[in-house]
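Structural characterization, general
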Amino acid sequence: MPDNCLFCKIIRGEIPAEKLYEDDDVLAFRDIAPQAPTHFLVIPKKHIKGPEAVQPEDEQVFGKMMRVGNEIAQKEGIPHFRVVFNNGAEAGQTVFHLHMHILGGRALNWPPG
Ligand code: 5GP
Ligand code: ZN
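These lines cover the structure that appears in this document, whether it is placed above or below. (Residues numbered from 1 in each chain as written. Chains lettered and ligands numbered in written order. Predicted model: local features only at pLDDT ≥ 70, side-chain atom pairs only at ≥ 80, totals over all residues. Heavy atoms only, no water.)

1. What about the pairing of strand β5 (residues 100-104)?
Counting buried positions over the five residues of β5 gives five, a clear majority of the element. Burial along β5 is two-sided: M100, I102 and G104 and H101 and L103, pointing in opposite directions, are all buried. The pairing of strand β4 (residues 81-84) with β5 spans four bridges and is antiparallel. Residue pairing across strands places V84 opposite H101, the latter belonging to β5. (Buried < 20%, exposed > 50% of the residue type's maximum accessible area, 1.4 Å probe, protein only. Helix = DSSP H or I, 4+ residues; strand = E, 2+ residues; numbered from the N terminus. Pairing = 2+ DSSP bridges.)

2. Section: the coordination of the zinc ion (ligand 2)
In this structure, C5 (SG), C8 (SG), H47 (ND1) and H97 (ND1) serve as the protein donors to the zinc ion (ligand 2), at separations of 2.1 to 2.3 Å. For the zinc ion (ligand 2), the four donor atoms in the first shell make angles of 103 to 114° at the metal, a pattern classed as tetrahedral. Donor residues for the zinc ion (ligand 2) sit on one chain with the sequence pattern C-x2-C-x38-H-x49-H. With C8 in helix α1 (residues 6-12) and H97 in the loop between β4 and β5, this pair connects stretches of sequence that are 89 residues apart. When sorted by exposure, C8 lands in the same class as H97, which is buried. (Donors = N, O, S within 2.8 Å, 3.2 Å for Na, K, Ca; no water. Tetrahedral: all angles 85-135°; square planar, octahedral: opposite > 155°, others 65-115°.)

3. Quick word on the packing of aromatic side chains
All chains considered together, the criterion is met by two aromatic pairs. Each ring, one from F62 and one from F85, has its centre 5.3 Å from the other, and the planes form 20°; the classification is stacked. Here F85 lies in the loop between β4 and β5 and F62 lies in helix α2 (residues 59-75), a separation of 23 residues in the sequence. Judged by its relative accessible area of 32%, F62 falls in the partly exposed class. (Phe/Tyr/Trp six-rings, centres within 6.5 Å; stacked < 30°, edge-to-face > 60°.)

4. What to know about unusual backbone geometry
The omega angle of the peptide bond from W110 to P111 is 0°, so this bond is cis rather than trans. As for its position among the elements, P111 is in the segment after β5.

5. Description of the site of ligand 1
What surrounds ligand 1 is a group of 16 residues, the closest being D31, N86, G92, T94 and H101. The contact in question runs from an oxygen atom of ligand 1 to an N or O atom on the side chain of H99, over 2.8 Å. Between ligand 1 and H101, the relevant distance is 2.8 Å, taken from an oxygen atom to a side-chain nitrogen or oxygen of the residue. Taking 520 Å² as the accessible area of ligand 1 by itself, protein coverage stands at 84%. Taken together, the elements giving at least two residues each to the shell around ligand 1 come down to α1 and β2 (26-30). Tallying contributions element by element places α1 first for the shell around ligand 1, with three residues. Looking at the shell around ligand 1 residue by residue, the classes come out as eight nonpolar, six polar and two charged. (Near = heavy atom within 4 Å. Polar contact = N/O pair within 3.5 Å; in protein donor to acceptor, adjacent residues only side chain to side chain. Areas by Shrake-Rupley, 256 points an atom, 1.4 Å probe, with all protein chains shown as cover. Nonpolar A, V, L, I, M, F, W, Y, C, P; charged D, E, K, R; others polar.)

Printed below as a string of structure tokens:
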């Protein structure tokens, strides 16, 4: 795990986060700057730099991120939600550890800006 990765630090407990779910493979926590009434992130515990770096051996954890993310969304009372992965700086990626955004609780426009 890279020492200087923000989300690896959250996984290691070096930076606090409001955790919603954790197991051996994934961690979910609220986004520090929510863009909707409910906005949380689901990340693999394995350091993967982003969507472009997902390998065949990551397919199981990638599916688990979606399953866990949906279960949290249902518990949080947002049956309708948006799933976002940003890949690369120009697409808005600022943290280079794979993360799935789940947002809901307000009307969401399409297409996104
Ligand atoms: P990206 O822009 O890379 O797709 O998303 C990174 C997300 O991480 C942003 O929505 C940002 O608000 C969130 N974030 C950045 N630093 C922290 C932090 O220290 N704690 C939490 N909980 N979220 C963070
Ligand atoms: Zn990391």
